[in-house]
Amino acid sequence: MNLLSIFNVSEFNDLFYSFHWYFFVSILIVIFFSIITGLLLWKKGKIIAMISSLILGILSMGILLSINTSFDWVDENVKENILEQTKGWLGIVGHIFIWIISIMIPIYIFIVVTIFILNGNLTKINKKTYATSFGSLLLLSFLGILVASLMIPFIIAIPDSWFDNSVIPEEEVSGGINIVSYFTKWWMILGMMLMGIITGIIIRISINNKNKYSIKKWFNKILSYITTYFKSVIILVPFVIITRLSILGLSDIHQTGNILKLMGVYLGIYWFGALIILVSLILANIFLSKANITKKEKMSILLTQSLTVFANQNTQASLPTTQHNLMKLGVSKEITQLTPTKGMIMGMIMCNGFSPMLIVSLSLSNYGVMNVETIFMAIGMIMILSISTSGVGSADYTIILSTLGMFGISSAFYMTVVIPIQEINERTIARPNNTLGHMVATQITESVHQNKKNNQ
């Protein structure tokens, strides 16, 4: 059934009477739980709303699955029709979420690439140090992608039967709306990147410094609006989680069980890779530190740093603490002003590296298109996007949707299996890993900076 038919008044009565009591019960349960989550979002904030959406989503899934399996459906065809209608309506929230992100992706990529080219070397620190800062941050994203790639054997080991019929094809729940795939086509993404590079180079070469500053200011203002837009979009995530988990309750027990198994396996693989990254970053920070303090004291500083970022749930808000802790580890003040600050727009080892690569790999496996060629294509695309996309707002959504769009595959698996539990990862281990990565990059930069000063 085409969802757009709800806007056809002449068909409304027929549509209304074609629904079943099960449909209305399902919708009312989801609306009730969504209202509770909305109130918690308003009164208690995003973190509490995320937690509640996960709990209420699981509860909704259990209730709908219980009704679905215990009710004696007279006609199997009627049952399938009612369930598909219900899935379609509950899926609207998720598709609106993906849609409003996707339509902004081409503009976002053009703006950030142009700003990236215009910024160039704007610091008084020598070029070698600046290049090291940039390179070390870029290396973090690559390391995240590398660790995620090492997790591929675990993805391959997942039984194929778990993927069968694990998601509803996007075209069946989107009412024929295909705008998402249009805005995330590979030629659209690469075209906007190329336009951004050309625009940035032309402005740098042909416009004087005064006008160049004015243009940069204008571009940065647009980027701030887009970032605000993305931050507003994130408000929908708790409701996406509730509706997506509720949809799982509309399937048979076997299918729902397979999806829950996939969620559990994904969570296990993610944490295994994330812990490898965490341990590696801690050891690297201790090894690179030149401060005249014990390893135990260094470990205490890193623990404080991780807990601060976890409490703030924001690497940007934790920047002063990051800079202060880096100076405790022996980094000079000028370098603490350089690399961690640049780290706010690149070098997120988890959000701009590990998470997108792992999610894309799992999606490729789900749709049966994972091979050596597609893996290397995914690595290349994610690396290109990680250079310029920011670690704030919806950078990970942008990278993932753009990469999936390049392969021409649906985002339905990503919305159904990954999004409901990915927020757990992002709110726990991802942010501390990101900031510990920035500290490693800063200490690498400091080593080059000090060597350069000693040789002068």
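Residues numbered from 1 in each chain as written. Predicted model: local features only at pLDDT ≥ 70, side-chain atom pairs only at ≥ 80, totals over all residues. Heavy atoms only, no water.

J.: Give a detailed account of the overall build of the protein chain, specifying residues and quantitative values.
T.: In terms of regular secondary structure, the protein chain is built from 22 helices and zero strands. Relative to its full complement of 456 residues, the protein chain shows a buried share of 54%. A fraction of 86% describes how many contacts in the protein chain between residues 6 or more apart in sequence connect residues 24 or more apart. As presented, the protein chain carries roughly 20,500 Å² of accessible surface, and 68% of it is formed by carbon and sulfur atoms. (Helix = DSSP H or I, 4+ residues; strand = E, 2+ residues; numbered from the N terminus. Buried < 20%, exposed > 50% of the residue type's maximum accessible area, 1.4 Å probe, protein only. Contact = heavy atoms within 4.5 Å. Areas by Shrake-Rupley, 256 points an atom, 1.4 Å probe, with all protein chains shown as cover.)

J.: Pulling in residues and values, what's your account of the environment of Arg431?
T.: Checked against the element boundaries, Arg431 lands in helix α22 (residues 412-455). Judged by its relative accessible area of 18%, Arg431 falls in the buried class.

J.: Let's hear about the pattern of salt bridges: which residues, and what values?
T.: Inspection of every chain in the model, using the stated rule, returns one salt bridge. With a closest N to O distance of 3.5 Å, Lys87 and Glu84 form a salt bridge. Note that Lys87 and Glu84 are positioned in helix α4 (residues 76-90) at a spacing of three residues, about one turn of the helix. Owing to a relative accessible area of 7%, Lys87 belongs among the buried residues under this scheme. Taking relative accessible area as the criterion, Glu84 reaches 33% and is therefore assigned partly exposed. (Salt bridge = Lys/Arg side-chain N within 4 Å of Asp/Glu carboxyl O.)

J.: Pulling in residues and values, what's your account of the packing of aromatic side chains?
T.: Evaluated as defined, the whole model comprises eight aromatic pairs. Between the aromatic rings of Phe23 and Phe24, the centroid separation amounts to 5.2 Å while the plane-to-plane angle is 80°, which identifies the pairing as edge-to-face. On the basis of relative accessible area, Phe23 is assigned to the buried category, the value being 6%. By relative accessible area, Phe24 is classed as partly exposed at 32%. (Phe/Tyr/Trp six-rings, centres within 6.5 Å; stacked < 30°, edge-to-face > 60°.)

J.: Can you lay out the confidence of the model for the protein chain for me, pointing to particular residues and giving the numbers?
T.: Mean pLDDT for the protein chain: 80, with 84% of residues reaching 70 or above. The secondary-structure element of the protein chain with the lowest mean pLDDT is helix α10 (residues 170-173), recorded at 40, while helix α8 (residues 152-156) shows the highest, at 94. Note on residues 1-18: pLDDT is under 50 here. Beyond four places in sequence and across chains, it has 21 contacts. Within the model, the stretch residues 168-179 combines pLDDT values under 50 with 21 contacts to residues more than four positions away or in other chains. (pLDDT = per-residue confidence, 0-100.)

J.: Describe in detail the nonpolar core, supporting the description with residues and values.
T.: Ranked by size, the top nonpolar core spans 101 residues in total, and within it Phe97, Tyr270, Phe354, Leu358 and Tyr414 carry the most contacts. Per-element accounting of this core gives the leading share, 13 residues, to α22. In contact with Tyr270, not counting residues within four places along its chain, are Met350, Phe354, Ser355, Leu358, Gln422, Asn425, Glu426, Ile429 and Ala430. Grouped together as the second largest cluster of nonpolar side chains are 14 residues, Phe33, Leu64, Ile82 and Leu83 included. (Core = buried A, V, L, I, M, F, W, Y, C linked by side-chain atoms within 4.5 Å.)

J.: Could you give an account of the side chain of Thr403, with specific residues and numbers?
T.: When you line up the elements, Thr403 lands in helix α21 (residues 395-407). Excluding anything up to four places from it in sequence, Thr403 contacts Val360, Ala378, Met381, Ile382 and Leu385.

J.: Could you give me a rundown of the environment of Asn425, with the residues and numbers involved?
T.: With respect to the element layout, Asn425 can be found in helix α22. Considering only alpha carbons, one finds Asn425 and Trp271, 154 residues apart in sequence, at a separation of 7.8 Å. With residues near it in sequence (within four places) discarded, Asn425 still touches Tyr266, Leu267, Tyr270, Trp271 and Ala430. Side chain to side chain, Asn425 and Trp271 meet in a polar contact 3.0 Å long. (Polar contact = N/O pair within 3.5 Å; in protein donor to acceptor, adjacent residues only side chain to side chain.)

J.: So what about α4? Which residues, and what values?
T.: Its 15 residues give α4 an end-to-end C-alpha distance of 21 Å, which sits within 8% of 21 Å, the value for a rise of 1.5 Å per residue. All of the buried residues in α4 are Lys79, Ile82, Leu83, Gln85, Thr86, Lys87, Gly88 and Leu90. (Expected span 1.5 Å × (residues − 1).)

J.: Describe the side chain of His438, listing the residues and the values that go with them.
T.: Tracing the backbone shows His438 in helix α22. Exposure remark for His438: the relative accessible area of 2% places this residue in the buried category. Apart from the residues lying within four places of it in its own chain, the contact partners of His438 are Leu137, Leu140, Thr339, Gly343, Met344, Met346, Gly347 and Met348.

J.: Let's hear about a nonpolar patch on the surface: which residues, and what values?
T.: Taken together, the side chains of Leu28, Ile31, Ile35, Leu39 and Trp42 make up a nonpolar region of the molecular surface, amounting to roughly 570 Å² of accessible area. Within the secondary structure layout, Leu39 lies in helix α2 (residues 21-44). (Patch = residues over 30% accessible without salt bridge, like charges linked within 9 Å, V, L, I, M, F, W, Y side chains within 5 Å.)

J.: Help me get a handle on the packing of helix α5 (residues 92-102) against helix α13 (residues 209-233), residues and values and all.
T.: Working note: a packed helix pair is described by the angle between its axes plus the distance between those axes. Closest axis-to-axis distance for the α5/α13 pair is 10 Å, and the angle between their directions is 175°. In this view, α5 runs roughly antiparallel relative to α13, as classed from their interaxial angle. Only Tyr229, Phe230 and Val233 of α13 make contact with α5, whose side of the interface consists of Phe97, Ile100 and Ile101. Here the contact of α5 with α13 is built from residues that sort into six nonpolar, no polar and no charged. (Axes fitted to C-alpha atoms, helices over the stretch in contact; angles between N-to-C directions. Parallel < 35°, antiparallel > 145°, perpendicular 65-115°, else oblique. Nonpolar A, V, L, I, M, F, W, Y, C, P; charged D, E, K, R; others polar.)

J.: I'd like a description of the environment of His254, backed by residues and values.
T.: Summarising the element assignment, His254 is placed in helix α15 (residues 253-288). Given the relative accessible area of 58%, His254 is considered exposed. Counting along the chain gives 92 residues from His254 to Trp162, while the straight-line C-alpha distance between them is 9.4 Å.

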